[in-house]
Amino acid sequence: MSQSWNELQETIPYRLAPSMAKDHPNLPVVKEEGCYYYGVDGKTYLDFTSGIAVTNVGHRHPKVVEAIKQEADSFTHGPIGVIQYESILKLANELADVMPGDLDCFFFGNSGTEAIEGALKLARHVTNRPNVVSFTGCFHGRTLGAMSVSTSKAKYRAYQPAQNQVYQLPYYQPGESADEAIAKLEKACETMFAHYTLPEEVACFIIEPVLGEGGYIVPPAKWLQQIREICNKHGILLIFDEVQTGFGRTGEWFAAQSFDVIPDIMAVAKGIASGLPLSATVANHTLMQQWPLGSHATTFGGNPIACAAARATLQIIKEENLLANVKEVGSYAAQELTKLQQAFPCIGSIRHLGMMFGIEIVDPETGRKDGDRAAQILDLALEEGVLFYFCGNEGEVLRMIPPLTITKEQIDEGLVKLRKALQRLK
């Protein structure tokens, strides 16, 4: 097995694009299950990434696997519209029951980026306005439209001129009070509307309710609520990018419910189908009906097997009371991370909502964010047997996003390993 893997890995530089195959940590594995990966090296690795916030109910949950098998006995492909099939119709009804506010109508795609592209396209179509406003530091995807509203890292936009008619506002910064952040937001809007675009030219504001790839920054609810008010005042649609925050990650079904802010359009993906390609652009029925046949389309979106997996995922979250588990175990994990922060000066701040944790790594002497040190910690933690991922503009934040099924005992297991990694670094 080891020799076979070595031979396969030798093909990577020739067969897989570096932009696909060179991400951290390039861990060769033979199996995934629950909260664990099983390595080619025979070691077991605790997964604190959930496949980058995808396998919210754990890897290969038996009910998801069974749903996939059963659906494959009848269907492997749609396409919806040409035919109709049960899994997509039932999924739409079941999703409508857990969505915030009156969001109850869905355009299914395959990826988060597709959901974002759909949301932007829908907003421009129904408002007949050309301009879009995004927030500095947010990440929305890598296709041209989504990249035009993404500013988490300049290198993601290299050599790809952003589409015109996109403007940025500042995202909330850690340490600001809600009132300070609101005052800065209002001043920035005043400047934008006076010098760059009239509000009646703006189709939508698009924002991550919790900054994801940009550093796991959790804003005050009042700040997001003020954005809602600004949009209401000017007839601007509000889009929430809940690709990473959705399906229980924040302790509610969606971050919109955590912050008590209902957007006009949402983009969801990642945790929707436990690893199968599926996403959705979501709006209320009245808004979505203005997007008629021919204005948008898909071949693979809403795949019947992916829809069956999504239905099973929703059922598991309900039956296993995972929203309650997120709140209980998430609070426990935050307390334990605070103890680590007190013991290790290289931990600058702990950012937390539900089962989303950002562990900021800094230079202990200067307090400046330290991406190189964070990369060392990631490697050492992997050697100890726990997998984290990075985020932040300089890669200075350890992203901890375990499955929502995780127990306090598994949190302890992972943080003991992280402590050992920090001790080795020290």
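To be clear, the structure that these remarks concern was listed above.
This section reports on the structure supplied with the text.

About the thresholds
Residues numbered from 1 in each chain as written. Predicted model: local features only at pLDDT ≥ 70, side-chain atom pairs only at ≥ 80, totals over all residues. Heavy atoms only, no water. Pairing = 2+ DSSP bridges. Helix = DSSP H or I, 4+ residues; strand = E, 2+ residues; numbered from the N terminus. Axes fitted to C-alpha atoms, helices over the stretch in contact; angles between N-to-C directions. Buried < 20%, exposed > 50% of the residue type's maximum accessible area, 1.4 Å probe, protein only. Contact = heavy atoms within 4.5 Å. Core = buried A, V, L, I, M, F, W, Y, C linked by side-chain atoms within 4.5 Å. Salt bridge = Lys/Arg side-chain N within 4 Å of Asp/Glu carboxyl O. Expected span 1.5 Å × (residues − 1). Arc of directions from axis to C-beta. 1 Å grid on protein atoms, 1.4 Å probe; cavity = no way out; pocket = protein on both sides within 12 Å on 5 of 7 lines; lining within 4 Å. Points joined across faces, edges and corners; volume = space filled by probe spheres on them. Polar contact = N/O pair within 3.5 Å; in protein donor to acceptor, adjacent residues only side chain to side chain. Phe/Tyr/Trp six-rings, centres within 6.5 Å; stacked < 30°, edge-to-face > 60°. Parallel < 35°, antiparallel > 145°, perpendicular 65-115°, else oblique. Left-handed = near helix turned anticlockwise from the far one by under 90°. Nonpolar A, V, L, I, M, F, W, Y, C, P; charged D, E, K, R; others polar.

Quick look at the sheet that holds strand β6 (residues 166–169)
Here is step 1 of the chain: Read across the open sheet, the 7 strands follow the order β4-β10-β9-β8-β7-β5-β6; overall the sheet is mixed. Whereas interior strands pair on both sides, the edge strands pair on one side only; in this sheet they are β4 (105–109) and β6. The sheet shows a mean angle of 20° between the axes of neighbouring strands, direction not considered.
Here is step 2 of the chain: Here strand β8 (residues 237–241) runs beside strand β9 (residues 265–268); their pairing, made up of 3 bridges, is parallel.

Considering the pairing of strand β15 (residues 397–400)
Here is step 1 of the chain: By the alternation rule, side chains of β15 split into Val397 and Arg399 and Leu398 and Met400, which are all buried.
Here is step 2 of the chain: As defined by bridge partners, strand β12 (residues 356–361) adjoins β15 across 4 bridges and the pair is classed as antiparallel. Each residue of the ladder has a partner; that of Phe357, found in β15, is Met400.
Here is step 3 of the chain: Pairing between strand β14 (residues 389–391) and β15: 3 bridges, direction antiparallel. Bridge pairing links Phe390 to Leu398 in β15.
Here is step 4 of the chain: Counted along the chain from β14 to the antiparallel partner β15, the turn is 5 residues long, and its residue Gly392 has a positive phi close to 95°.

Some thoughts on the sheet that holds β14
Here is step 1 of the chain: With antiparallel pairing, 4 strands are arranged side by side in an open sheet as β11-β12-β15-β14. Strands at the two margins of the open sheet, each flanked by one partner only, are β11 (347–353) and β14. With direction set aside, neighbouring strand axes in the sheet form an average angle of 30°.
Here is step 2 of the chain: In this fold helix α14 (residues 322–343) packs onto β11, β12 and β15, with an angle of close to 175° to the strand it touches most, β11.

Some remarks on the nonpolar core
Here is step 1 of the chain: Residues Phe135, Phe205, Ile207, Trp223, Ile227 and Met400 are the most contacted members of the largest nonpolar core, which totals 104 residues.
Here is step 2 of the chain: The leading source of residues in this core is α14, at 9 residues.
Here is step 3 of the chain: Setting aside anything within four residues of it in sequence, one finds Ile207 in contact with Phe135, Cys138, His140, Tyr171, Trp223, Leu224, Ile227, Leu238, Ile239, Phe240 and Asp241.
Here is step 4 of the chain: Within the second largest apolar cluster, 26 residues are counted, among which are Leu120, Leu122, Ile206 and Ala283.

Observations regarding the pattern of salt bridges
Here is step 1 of the chain: Per the stated rule, a full pass over the model turns up 16 salt bridges.
Here is step 2 of the chain: Ionic pairing is found between Arg351 and Glu360, a salt bridge with its closest N-O pair at 3.4 Å. Both residues of the pair, Arg351 and Glu360, belong to the buried class.
Here is step 3 of the chain: Between Glu383 and Arg424 there is a salt bridge, with its nearest N and O atoms 2.6 Å apart. Here Glu383, found in helix α15 (residues 371–384), pairs with Arg424, found in helix α16 (residues 408–425); they are 41 residues apart in sequence, far enough to count as distant.
Here is step 4 of the chain: Sharing partners across several salt bridges, the network here consists of Lys31, Glu33 and Arg60.

Regarding helix α6 (residues 86–98)
Here is step 1 of the chain: Taking 1.5 Å of rise per residue, 13 residues should cover 18 Å, and α6 covers 19 Å from first to last C-alpha, within 8% of that figure.
Here is step 2 of the chain: For α6, the set of buried residues is Ser87, Ile88, Leu91, Leu95 and Val98. Viewed end-on, α6 has its buried residues packed into an arc of 90°, placing them on one side of the element. In this structure, α6 carries Glu86, Asn93 and Asp97 as exposed residues pointing more than 90 degrees from its buried face.

A few points about the layout of surface pockets
Here is step 1 of the chain: Approximately 1,000 Å³ is the volume attributed to the largest pocket.
Here is step 2 of the chain: Lining the largest pocket we find 38 residues, and of these Ile52, Phe139, Arg142, Lys270 and Tyr389 sit closest to its centre.
Here is step 3 of the chain: Those elements that provide at least two residues to the lining of the largest pocket are α3 (18–21), α4 (50–53), α7 (112–127) and β14.

What to know about α15
Two residues of an α-helix separated by three or four positions point the same way, owing to the 3.6 residues in each turn.
Here is step 1 of the chain: Across its 14 residues, α15 extends 20 Å between first and last C-alpha, which sits within 8% of the 20 Å expected from 1.5 Å per residue.
Here is step 2 of the chain: Among the residues making up α15, those that are buried are Gly371, Ala374, Ile377, Leu378, Leu380, Ala381 and Leu382.
Here is step 3 of the chain: Two or three places before Asp372, at the opening of α15, Asp370 has a side-chain oxygen 3.3 Å from that residue's backbone nitrogen.
Here is step 4 of the chain: A positive phi of about 110° marks Gly385, the residue just after α15.

Here we look at the packing of aromatic side chains
Here is step 1 of the chain: The final tally for this structure, using the stated rule, is 12 aromatic pairs.
Here is step 2 of the chain: Ring plane angle 75° and centroid distance 5.9 Å describe the contact between Phe135 and Trp223, whose orientation is recorded as edge-to-face. Here Phe135, found in strand β5 (residues 131–135), pairs with Trp223, found in helix α10 (residues 221–234); they are 88 residues apart in sequence, far enough to count as distant. Here the two residues Phe135 and Trp223 agree in accessibility, since each one is buried.
Here is step 3 of the chain: Note on Tyr167 and Tyr196: the rings are 6.5 Å apart at their centroids and 40° apart in plane angle, and the pair reads as tilted. Of this pair, Tyr167 sits in strand β6 while Tyr196 is found in the loop between α9 (178–195) and β7 (202–207), placing the two residues 29 residues apart along the sequence.
Here is step 4 of the chain: Since its relative accessible area comes to 22%, Tyr167 is described here as partly exposed.
Here is step 5 of the chain: Linked through ring pairs, Phe135, Tyr171, Tyr172, Phe205 and Trp223 together constitute an aromatic cluster.

Details of the packing of helix α5 (residues 62–72) against helix α13 (residues 304–319)
Here is step 1 of the chain: Contact geometry for α5 and α13: axes closest at 8 Å, N-to-C directions at 150°. In terms of their interaxial angle, α5 and α13 are classed as roughly antiparallel. Crossing of α5 against α13: the hand is right-handed. Side by side, α5 and α13 meet where Lys63, Val64, Ala67, Ile68, Glu71 and Ala72 of the first sit next to Pro304, Ile305, Ala308, Ala309, Ala312, Thr313, Ile316 and Glu319 of the second.
Here is step 2 of the chain: The residue inventory of the contact of α5 with α13, partitioned by class, reads 10 nonpolar, 1 polar and 3 charged.

Concerning the environment of Ala283
Here is step 1 of the chain: Note that Ala283 resides in strand β10 (residues 279–283).
Here is step 2 of the chain: In the structure, Ala283 is positioned 49 residues away from His234 in sequence and 19 Å away in space, judged by C-alpha atoms.
Here is step 3 of the chain: Leave out the neighbours within four places in its chain, and Ala283 touches Leu103, Asp104, Cys105, Leu122, Asp264, Ile265 and Met288.

Geometric descriptors of this kind do not, in isolation, establish any biological role.
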